[in-house]
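Structural characterization, general
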Amino acid sequence: MDIVIVGAGTIGSYVASFMSKKDVNVTVIDTDERKLDLLSRENDVATRLGSGTDWRLLDELTEFSPSLILALTQNDETNLVVSSIAKNLGYSQAIARVRQEHFFNQVRLDFPRLFFVDQFIGPEFLAAQDILKLISLPGSIEVQSFSHGAIYMRTLRVPLSWNRGHKKL
């Protein structure tokens, strides 16, 4: 599998490092040569100096038939433009990191469709949601939400001393 990651910041570098250890061919694009040098010295990844919004650079990389492009820069708008360009160049899938909550709210506009993004990820948003679930549902081992947070499924530890195990529902 070949993937392209745009952004060699904390998240982009971590994902590149993780994927390269899983026998995935990774190419990382960034405008900061120092970040790319550090990343390539410590990991088995290819690097390209340049902007992820440069359609010619993204087009050159289609030669390797990447399965996926991950737009993981610090800028939401850059990530959306990268995804849009990549999908229009024939990339199979595009995942964009977004930090602003309004991109997740699809009441009036379908941002993923509008920008040709297959999946939005928001690490900060996801962490905040998980913290809220743990605080609001104490005692839960795990909490999964469904229907955009309308339904929660909780995993609880039943103590050995629980005396209602013999009752039928």
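Coordinates for the structure precede this section.
Residues numbered from 1 in each chain as written. Predicted model: local features only at pLDDT ≥ 70, side-chain atom pairs only at ≥ 80, totals over all residues. Heavy atoms only, no water.

Some remarks on the environment of Leu70
Selection criterion: Secondary structure elements are taken from DSSP: a helix is a run of H or I of four residues or more, a strand is a run of E of two residues or more, and numbering for both begins at the N terminus. Here a residue-residue contact requires only that any non-hydrogen atoms of the pair lie within 4.5 Å.
If you trace the backbone, Leu70 turns up in strand β4 (residues 68-71). For Leu70, the contacting residues outside a window of four places in its chain are Ile3, Val4, Ile5, Val6, Val15 and Ile95.

Observations concerning unusual backbone geometry
In most cases, non-glycine residues show a negative phi, while peptide bonds are predominantly trans. Going by this rule: Residue exposure (1.4 Å probe, protein chains only): buried if accessible area is under 20% of the type maximum, exposed if over 50%, otherwise partly exposed.
Non-glycine residue Ser65 carries a positive phi angle of around 50°. In this structure, Phe116 is a non-glycine residue whose phi angle is positive, near 60°. With respect to the element layout, Phe116 can be found in the loop between α5 (111-114) and β6 (119-121). When its relative accessible area of 40% is taken as the criterion, Phe116 is described as partly exposed.

As for the pattern of salt bridges
Operational definition: In the sections that follow, a salt bridge refers to a side-chain nitrogen of Lys or Arg positioned within 4 Å of a carboxyl oxygen of Asp or Glu.
The final tally for this structure, using the stated rule, is 3 salt bridges. In this structure, Arg56 and Asp54 form a salt bridge, with 3.3 Å as the shortest nitrogen-oxygen distance. By relative accessible area, which is 25% here, Asp54 ends up partly exposed.

Comments concerning a nonpolar patch on the surface
Note the threshold: Patches here are clusters of residues that have more than 30% relative accessible area and form no salt bridge, with a 9 Å joining cutoff for like charges and a 5 Å cutoff for nonpolar side chains (Val, Leu, Ile, Met, Phe, Trp, Tyr). Only the protein chains shown count as cover for residues, and all accessible areas are computed by the Shrake-Rupley method using a 1.4 Å probe.
A surface patch of nonpolar side chains, amounting to about 290 Å² of accessible area, comprises Phe146, Ile151 and Met153. Inspection of the secondary structure puts Met153 in strand β8 (residues 151-156). Residue class for Met153 comes out partly exposed when judged on its relative accessible area of 46%.

Description of the packing of aromatic side chains
The cut-off we apply is this: Planes of paired rings set the category: under 30 degrees apart is stacked, over 60 is edge-to-face and the rest tilted, where pairs are Phe, Tyr or Trp rings (Trp by its six-membered ring) whose centres lie within 6.5 Å.
A full pass over the atoms with the stated rule returns 1 aromatic pair. Seen in terms of ring centroids, Tyr14 and Phe18 are 6.5 Å apart; in terms of plane orientation they differ by 15°. Their pairing is stacked. In this pair, Tyr14 and Phe18 are both assigned in helix α1 (residues 10-20), 4 residues apart and thus about one turn of the helix distant. We classify Tyr14 as exposed; its relative accessible area is 60%. For Phe18, a relative accessible area of 43% gives the class partly exposed.

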